[in-house]
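Reading the structure
If you want the building blocks of each chain, they are given just below.
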Amino acid sequence: MGANILVAGGAGYIGSHVCKMLKKMGFNVFIYDNLSHGYKFLAKYGEFVLGDVGDRRQLELVLKNYKIDVVMHFCAFIEVGESVQNPRKYYDNNLYNTINLVDTMLDCGVNKLIFSSTAAVYGMPERVPIDEDDKKDPINPYGRTKWMIEQVLKDYSDAHGLRYVAFRYFNAAGADPEGELGEAHDPETHLIPLVLDAALGIRKSIKIFGTDYPTSDGTCIRDYIHVNDLADAHIKGVEYLLNGNPSNYFNLGNGKGFSVREIIDTVKKVTGKDFPVEEVERRPGDPALLIAKSEKAKKVLGWEPKYGIEEIITHAWNWHKKLKGVES
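This report concerns the structure included in the present document. (Residues numbered from 1 in each chain as written. Predicted model: local features only at pLDDT ≥ 70, side-chain atom pairs only at ≥ 80, totals over all residues. Heavy atoms only, no water.)

1. Observations regarding the packing of helix H8 (residues 260–271) against helix H10 (residues 309–323)
- Orientation of H8 relative to H10, taken along the N-to-C sense of each, is 60 degrees, at an axis distance of 10 Å. What the angle tells us is that H8 and H10 run oblique. With respect to the hand of their crossing, H8 and H10 are arranged in right-handed fashion. Between H8 and H10, the residues in contact are Ile263, Thr266, Val267, Lys269, Val270 and Thr271 and Ile309, Glu310, Ile313, Thr314 and Trp317, respectively. (Axes fitted to C-alpha atoms, helices over the stretch in contact; angles between N-to-C directions. Helix = DSSP H or I, 4+ residues; strand = E, 2+ residues; numbered from the N terminus. Parallel < 35°, antiparallel > 145°, perpendicular 65-115°, else oblique. Left-handed = near helix turned anticlockwise from the far one by under 90°. Contact = heavy atoms within 4.5 Å.)

2. Considerations on helix H5 (residues 141–160)
- With 20 residues, H5 extends 27 Å from end C-alpha to end C-alpha; this agrees with the ideal 28 Å at 1.5 Å per step.
- Those residues of H5 that sit buried are Pro141, Tyr142, Gly143, Thr145, Lys146, Ile149, Glu150, Val152, Leu153, Tyr156 and Ser157.
- Looking at the buried side of H5, the elements it contacts are helix H3 (80–85), helix H4 (87–107), strand E5 (112–118), strand E6 (163–169) and strand E11 (248–252).
- Of the residues trailing H5, glycine 161 is marked for its positive phi of about 80 degrees. (Expected span 1.5 Å × (residues − 1). Buried < 20%, exposed > 50% of the residue type's maximum accessible area, 1.4 Å probe, protein only.)

3. Side note on the sheet that holds strand E3 (residues 47–50)
- Across the sheet, seven strands lie side by side as E3-E2-E1-E4-E5-E6-E11; this open sheet has parallel pairing. Only two strands of the sheet have a single partner each, and these edge strands are E3 and E11. Each strand axis lies, on average, 20 degrees off the axis of its neighbour in the sheet, ignoring direction.
- Here five bridges tie strand E1 (residues 4–8) to strand E2 (residues 28–33), and the two strands are oriented parallel to one another. (Pairing = 2+ DSSP bridges.)

4. Structural notes on the environment of aspartate 176
- Along the chain, aspartate 176 falls in the loop between strand E7 (171–173) and helix H6 (191–200).
- Note on aspartate 176: relative accessible area 4%, which makes it buried.
- Linking aspartate 176 and tyrosine 249, residues 73 residues apart in sequence, is a C-alpha distance of 25 Å.
- Discounting chain neighbours no more than four positions away, the residues touching aspartate 176 are His17, Lys20, Leu181, Val227 and Asn228.
- There is a polar contact of 2.9 Å between the side chain of aspartate 176 and the backbone nitrogen of glutamate 180. (Polar contact = N/O pair within 3.5 Å; in protein donor to acceptor, adjacent residues only side chain to side chain.)

5. Focus on the pairing of E1
- By the criterion of burial, E1 is predominantly enclosed, with five of the five residues buried.
- Where burial is concerned, the two faces of E1 agree: the one with Asn4, Leu6 and Ala8 and the one with Ile5 and Val7 are both buried.
- Each parallel crossover has a hand, and for E1 linked through helix H1 (residues 13–24) to E2 it is right-handed.
- As judged from the four bridges shared by E1 and strand E4 (residues 70–73), these two strands associate in the parallel manner. Note that in E4 the partner of leucine 6 across the bridge is valine 71. (Right-handed = clockwise from strand over helix to strand, strands pointing away.)

Listed below in structure tokens is the structure:
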């Protein structure tokens, strides 16, 4: 039998896709989620346990009873704007609760962790594409909590024998190619599902925040990575730790950037729908360009992203219609 994997946040967007892939690969999957942002209907691939990463007693029971080998942590709050307005919420959950999770793991003899970090640890990058060892200077509480935890993990690795892999995601996008899982955030803040809402007529228009950036078409450029490519990296991360390798950290991106305008145009092409586009002022804190250098993950883990932007948007569109109860 495969190793026992506890997926904290396994009822969420990325966690649910990882659970499906783990199951397919023969791992024993246990989903641990408080459903504050996750959905029970996404927790299809594993035994579900209702619980919070801040609840030490419940964590101890799960870690011991299921003889967990590796923990995957997807329980962070992720909204940048909210983190600026309510930093306490983010430090409580993303920082304090993660430390509680790691302390409880170590006390229960579990020393392997896959941690979801973020490109937000780099802040306004000094160069693009961004290398893992480039300067870390997060510009909001969300990014700061992730960078703080990465430093905590390194200290715990050095002192307490924790072995971890931290994955710095760029823009997670797309949906399960088989149509069973996908994005269901509430509120939704990610660009592609918002543009798909406009294509369905659920939104009257889509806004472009800033058209005067130093990019080819004046709009921000981001590196979109298919959620299944992310999931594949996580499987490789689990295998990397189970094979006895040391702690490590990796960027996960396609290494290609697409502008906001290119995303909108691709949605129009894929869906065959037209919709109004509004050009408005820039938002504070949006870097012009965020593109990953992911050679390290390719070299060390043998990871290779498979999906391009049209496939990302096609899979997202198929899921989005299903989620919203629309068939055309």
